[in-house]
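Residues per chain are reported as follows:
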Amino acid sequence: MTAEQITDLVLDLYSARAEAKEYLDFFVNPDIERKLEKARCAINKEMSRSSRGRNKARPSRIKRYIKDIRSLDPGDEAVCEIMVYAVETACRVGSASQIKESTQTSIAKLLYDTVVKADAAGMLGVYLPRMEKAVEAMASPLFRCNQFRQLMLDTLGDALAAASSQLP
C-alpha cells in the first residue's frame, strides 16, 4: 500500500470504530491517568449496581474495563493498578451488601490473577499490602459477606503460595 492509501485507511478506521479512535487518540496523546480514572469510575459504577439490597455487579464488565486498559499497552504498573482497584472496590462493596456466589467466585479469580500479574511484573511488594488491607477490612455481621471474605482470604493465600513456589 502507498502512504496515501495507508493514510486513508487509518482515517476511515478512525471514523468507523470507537475502539480504534480511542486507541489512536491514546497513541497520539498517551494520558494513562485519564484512562485509569475513566476505568475506575466505570468499575465503581458497575460494582454499585444493586436491586432490592442485592448487588447486581457484572464481573464480565469489570474484566472488560481491565482489558481495555491492558489493550492500550500502558505498562504493567497501570494494568496492576486498575486490577488492584477493582479488587479493593469489590471488597468494599462486599462488606456492605450481599454478592451472588458466582460473582464472588469471579472476583476471587480476579484477586488471584492480580497477585499473579503483580508478581510477574515484580510489583507484588507494592500492591500486596493494598490487597491484604482490602480483604482484611471486610468485616460484616452478614453471613454471606463473611463467606465472601473467607473466599477472598483463601484465594489470597493460594495465590501467594503459588507465587512463592515459583521463586528460584
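Residues numbered from 1 in each chain as written. Predicted model: local features only at pLDDT ≥ 70, side-chain atom pairs only at ≥ 80, totals over all residues. Heavy atoms only, no water.

Q: In this structure, what is going on with the overall build of the chain? I would like to understand it.
A: Counting its regular elements, the chain contains eight helices and two strands. For the C-alpha atoms alone, the extent of the chain along its principal axes is close to 65 × 50 × 25 Å. The long-range fraction of contacts in the chain, counting pairs at least 24 apart against all pairs at least 6 apart in sequence, stands at 68%. Working note: accessible area of the chain is about 10,000 Å², and carbon and sulfur atoms make up 53% of it. (Helix = DSSP H or I, 4+ residues; strand = E, 2+ residues; numbered from the N terminus. Contact = heavy atoms within 4.5 Å. Areas by Shrake-Rupley, 256 points an atom, 1.4 Å probe, with all protein chains shown as cover.)

Q: How do you make sense of the pattern of salt bridges when you look at a structure like this?
A: Pairs can form between side chains of opposite charge whenever their charged atoms are close. Overall, the coordinates contain ten salt bridges when judged by the stated rule. Where salt bridges share partners, they join Glu33, Glu37, Arg40, Glu81, Glu88 and Arg130 into one cluster. (Salt bridge = Lys/Arg side-chain N within 4 Å of Asp/Glu carboxyl O.)

Q: Could you clarify how one ought to interpret the packing of helix α3 (residues 32–47) against helix α5 (residues 76–96) in this entry?
A: When two helices pack together, their arrangement is given by the angle between the helix axes and by the axis-to-axis distance. Following both chains from N to C, one finds α3 and α5 inclined at 25°, their axes separated by 10 Å at the closest point. With respect to each other, α3 and α5 are oriented roughly parallel. Seen from above, α3 lies across α5 with right-handed handedness. Between α3 and α5, the contacting residues are Ile32, Leu36, Ala39, Arg40, Ile43, Asn44 and Met47 on the first element and Ala78, Glu81, Ile82, Tyr85, Ala86, Thr89, Ala90, Arg92 and Val93 on the second. Residue classes in the contact of α3 with α5 are distributed as eleven nonpolar, two polar and three charged. (Axes fitted to C-alpha atoms, helices over the stretch in contact; angles between N-to-C directions. Parallel < 35°, antiparallel > 145°, perpendicular 65-115°, else oblique. Left-handed = near helix turned anticlockwise from the far one by under 90°. Nonpolar A, V, L, I, M, F, W, Y, C, P; charged D, E, K, R; others polar.)

Q: I tried to follow the packing of helix α6 (residues 101–120) against helix α7 (residues 124–136) on my own but got confused; where do I start?
A: Interaxial distance between α6 and α7 falls to 9 Å at its minimum, and their mutual angle equals 160°. The orientation of α6 relative to α7 falls into the category roughly antiparallel. Note on packing geometry: the crossing formed by α6 with α7 is left-handed. Across the interface between the two elements, Leu111, Thr114, Val115, Ala118 and Asp119 from α6 touch Leu124, Met131 and Val135 from α7.

Q: Could you clarify how one ought to interpret a nonpolar patch on the surface in this entry?
A: A cluster of nonpolar side chains, Met1, Ile6, Leu9 and Val10, forms an exposed patch at the surface whose accessible area comes to about 390 Å². Assignment of secondary structure puts Leu9 in helix α1 (residues 3–16). (Patch = residues over 30% accessible without salt bridge, like charges linked within 9 Å, V, L, I, M, F, W, Y side chains within 5 Å.)

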